[in-house]
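Observations on the model geometry
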Amino acid sequence: MTTFGHSFLPGPTDVRPEIMQAMLEPMYFHRSPRLVSMLHDMQPVLRQMFGTAEPVFLETCSASGFMEAAIRNGVPHRVLVVVGGYFGEQFASVAEGCGKEVIRVHVPPGATIEPDQLEQFLDGPPVDAVALVHSESSTGALAPLAELARVVHRHPGVLLLVDAVTSVGAVPFEADAWGVDFAFTGSQKALAIPPGLAVGMASSRFVERALTLPNRGWYWSIPDLVRIAETGALLHTPCLPLYHALAAQMRDIAVAGGMPPRWARHAEMLRLVEAWVETTPGTRLLAEPGRRSPAVSAIELPPSHHPPAVMAALSARGWTIARGLDPLADRVIRIGHMGDLTPDHLGGLLAALSDVLREGSP
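A brief structural summary. Counting restarts for each chain: residues are numbered from 1 in the order of the written sequence. Per-residue local features are limited, in this predicted model, to residues with pLDDT of at least 70; the limit for side-chain atom pairs, both in listing and counting, is 80 or more; totals at the level of whole chains, interfaces and linings are taken over all residues. Hydrogens and waters are ignored; side-chain quantities use all the structure's heavy atoms.

When DSSP finds two or more bridges between a pair of strands, those strands are recorded as paired. Note on conventions: DSSP H or I runs of at least 4 residues are helices, E runs of at least 2 residues are strands, and numbering of each starts at the N terminus. Read from one edge to the other, the open sheet built from 4 strands follows the order E10-E11-E13-E12, with strand pairing classed as antiparallel. Of all strands in the sheet, those bounded by a partner on one side alone are strand E10 (284–285) and strand E12 (322–323). Relative to strand E13 (residues 332–336), strand E11 (residues 296–300) runs antiparallel, the two sharing 5 bridges. Its bridge partner being in E13, Val296 is matched across the sheet by Gly336. Note on contacts: a residue pair is in contact if any heavy atoms of the two residues lie within 4.5 Å. Only the contacting stretch of a helix is used when fitting its axis, a line to C-alpha atoms as for every element, and angles between N-to-C directions run 0 to 180 degrees. Along the sheet, helix H11 (residues 259–278) makes contact with E10 and E11, crossing E11 at roughly 10°.

We now examine the packing of aromatic side chains. The description of an aromatic ring pair rests on the distance of the ring centres and on the angle between the ring planes. By convention, a stacked pair of Phe, Tyr or Trp rings (six-membered ring in the case of Trp) has centres within 6.5 Å and planes under 30 degrees apart, an edge-to-face pair has planes over 60 apart, and any other such pair is tilted. Across all of its chains, the model carries 11 aromatic pairs by this definition. Pairing Tyr86 with Phe87 gives two aromatic rings, centres 5.0 Å apart and planes at 70°, and the pair type is edge-to-face. With centroids separated by 6.1 Å and ring planes inclined at 50°, the aromatic side chains of Phe182 and Phe184 adopt a geometry described as tilted. The buried label goes to any residue with under 20% of its type's maximum accessible area, the exposed label to any with over 50%, and the partly exposed label to all in between, with areas taken from a 1.4 Å probe on protein chains only. Phe182 sits in the buried class, given a relative accessible area of 0%.

This next bit is on unusual backbone geometry. Omega for the peptide link from Gly11 to Pro12 comes to 0°, which places this bond in the cis form. Topologically, Pro12 is positioned in the segment before helix H1 (17–22). Although it is not a glycine, Ala192 sits at a positive phi angle of roughly 60°. Along the polypeptide, Ala192 turns up in the loop between strand E8 (182–186) and strand E9 (197–202). What makes Ala192 buried here is its relative accessible area of 0%.

All quantities given are derived from atomic positions and should not be read as evidence of function.
See below:
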């Protein structure tokens with residue numbers, strides 16, 4: 001087992017031993033004042049992460065659960081989904097699985113939809129919502145969300161649903177100021193706790209629409225989850241160990257100065273990757289300059305270096321990264337530089353990767 005700071009998966013991210021220790025608390029009644037108090041104490045940092053004054057709610061599920069909740073609660077009939085990678089396509093597939101009509105807007109891998117392009121598509125068939133991925137972890141591309149939100153809000157009645165799984169906690173996110181109607185992340189990404197907890201926020205107009213939809217479900221009912229976040233009165237049993245891990249992480253973030261230092265550290269790690277690529281012949285970042293995620297990088301390798309072999313060589317040295325997702329799996333590696341990882345940790349990985357590429361050169 002590697003020590004903390006050697007795993008650079010795009011998720012699950014490396015978890016500090018102190019966070020793992022917080023999960024060892026004995027079990028107790030989940031409707032106790034202790035849990036209500038803990039949920040209340042987490043709200044300030046959670047709201048800062050999302051940039052919202054709305055309650056931030058939790059659910060014991062993967063982030064994909066909130067992707068489905070976004071559709072069930074926010075889309076009566078038709079949704080426009082931006083597909084720029086694996087998870088954009090997943091958003092579209094989830095919407096179709098919920099029985100909604102989907103209009104896909106495809107952009108090339110590494111690119112993002114731009115505001116003028118989105119405006120053109122919204123001048124087409126009417127839609128109930130736009131769904132998009134803020135930080136596409138299959139390509140490392142970061143969409144210009146603030147500008148895209150302004151376009152969406154020029155169309156009355158169209159909601160903006162955002163997969164922020166690898167952006168919230170890693171980059172500044174201003175849900176209220178930008179006009180994001182629903183956003184969600186997962187515990188195993190920039191929050192750097194184990195998988196199994198979804199975290200989200202909803203605007204008041206999203207909740208108003210959800211209340212009109214009879215088939216939004218029970219477990220995925222966002223108005224109920226908002227009410228739980230406000231009162232602490234849970235409807236069902238949560239995963240208490242994950243709640244304790246999240247509470248410990250929120251306390252540590254608060255003590256360290258809140259989100260700004262965390263955002264700055266992620267930005268520095270992106271700069272390190274960019275500098276490495278610039279000085280490493282034959283490599284390139286899939287995402288375009290100005291549209292790169294501070295949370296994850298997808299790097300195209302020279303044709304002579306196959307991702308599985310590079311990953312195996314790194315693993316032998318104690319480092320863990322990920323292969324690209326289809327259709328990029330045969331030429332791309334992915335490095336998740338988020339959570340509690342630091343530039344020093346990343347520098348060690350990049351040095352090891354340089355050695356692997358040098359030793360494997362023909």
